[in-house]
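# Structural overview for review
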Amino acid sequence: KAGVTQTPRYLIKTRGQQVTLSCSPISGHRSVSWYQQTPGQGLQFLFEYFSETQRNKGNFPGRFSGRQFSNSRSEMNVSTLELGDSALYLCASSLQGTNENIQYFGAGTRLSVL
Amino acid sequence: AQKITQTQPGMFVQEKEAVTLDCTYDTSDPSYGLFWYKQPSSGEMIFLIYQGSYDQQNATEGRYSLNFQKARKSANLVISASQLGDSAMYFCAMRERNTDKLIFGTGTRLQVFP
């Protein structure tokens with residue numbers, strides 16, 4: 001069974017541009033969450049989607065947005081990029097309906113903003 | 001508010017020895033889940049082990065075991081017979097009720113030497 005797939009793996013953008021990151025969950029998983037990881041702030045929750053609906057949102061500005069499609073694939077978008085948006089963006093998927101509800105992560109997209 | 005604390009920024013252990021990575025948590029919710037993830041330098045977060053707040057026994061997964069002390073709000077990870085490939089960052093995380101949102105600690109960098 002294929003794991004969580006994130007594309008692209010690496011991305012270089014300049015300030016003011018926008019970027020779209022993609023995440024394909026494990027087959028059968030309907031929940032997708034996104035996290036930002038930086039050396040200064042650590043791992044921070046961005047948002048969570050289930051059945052195309054955003055269920056939870058972290059404390060990030062409106063420049064960060066996401067969506068989920070009917071096949072459970074998810075995208076996140078960051079508009080008007082700032083230097084501080086440079087980070088590793090991790091996507092995780094989970095199979096709802098179990099006590100453990102373990103989240104499985106992809107390899108991440110490393111975004112550099114110049 | 002829920003919080004995860006990992007007080008060991010770095011740990012060293014000799015190959016084949018056991019090592020304990022500390023994690024304490026804070027929550028007022030009686031129902032929660034605790035997780036440990038491993039993050040090698042490649043960036044991917046690898047799920048290691050899960051402990052539910054109502055689980056009576058400590059979780060074990062191969063060489064990984066979780067020393068769960070509910071009254072002390074601690075969930076330490078024990079790695080037995082360390083291997084060179086265990087060198088990585090290790091994160092303790094807690095999941096809030098009815099959501100997939102994970103709250104992470106700051107991590108512990110484990111280095112295994114021959």
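Refer to the structure printed above.
Read on for a plain summary of the structure. Since this is a predicted model, take the numbers as computed values, not measurements. (Residues numbered from 1 in each chain as written. Chains lettered and ligands numbered in written order. Predicted model: local features only at pLDDT ≥ 70, side-chain atom pairs only at ≥ 80, totals over all residues. Heavy atoms only, no water.)

Here we come to the environment of M89(B). All names here are of chain B. By the element assignment, M89 lies in strand β10 (residues 88–95). The class of M89 is buried, set by a relative accessible area of 14%. For the pair M89 and T20, spaced 69 residues apart in sequence, the C-alpha separation works out to 13 Å. (Helix = DSSP H or I, 4+ residues; strand = E, 2+ residues; numbered from the N terminus. Buried < 20%, exposed > 50% of the residue type's maximum accessible area, 1.4 Å probe, protein only.)

Residue and element names in this part refer to chain A. By the secondary structure assignment, N77 is in strand β8 (residues 74–78). Within polar-contact distance, the side chain of N77 engages the backbone oxygen of V19 at 3.2 Å. Separated by 3.0 Å, the side chains of N77 and T20 make a polar contact. Apart from residues no more than four positions distant in its own chain, N77 is found in contact with Q18, V19, T20, R63, F64 and S65. (Polar contact = N/O pair within 3.5 Å; in protein donor to acceptor, adjacent residues only side chain to side chain. Contact = heavy atoms within 4.5 Å.)

A few words on the state of the cysteines. Residues and elements named next belong to chain A. If you walk through the whole model with that rule in mind, you get two disulfides over all chains. Here C23 connects covalently by a disulfide to C91, the sulfurs 1.7 Å from one another. When the S-S torsion is -60 degrees, as for the bridge of C23 with C91, the disulfide is left-handed. Pair noted here: C23 is in strand β3 (residues 19–24) and C91 is in strand β9 (residues 87–94), with a separation of 68 residues, a long-range link. Residue classification places C23 among the buried positions, given a relative accessible area of 0%. For C91, a relative accessible area of 0% corresponds to the buried category. (Disulfide = S-S within 2.5 Å.)

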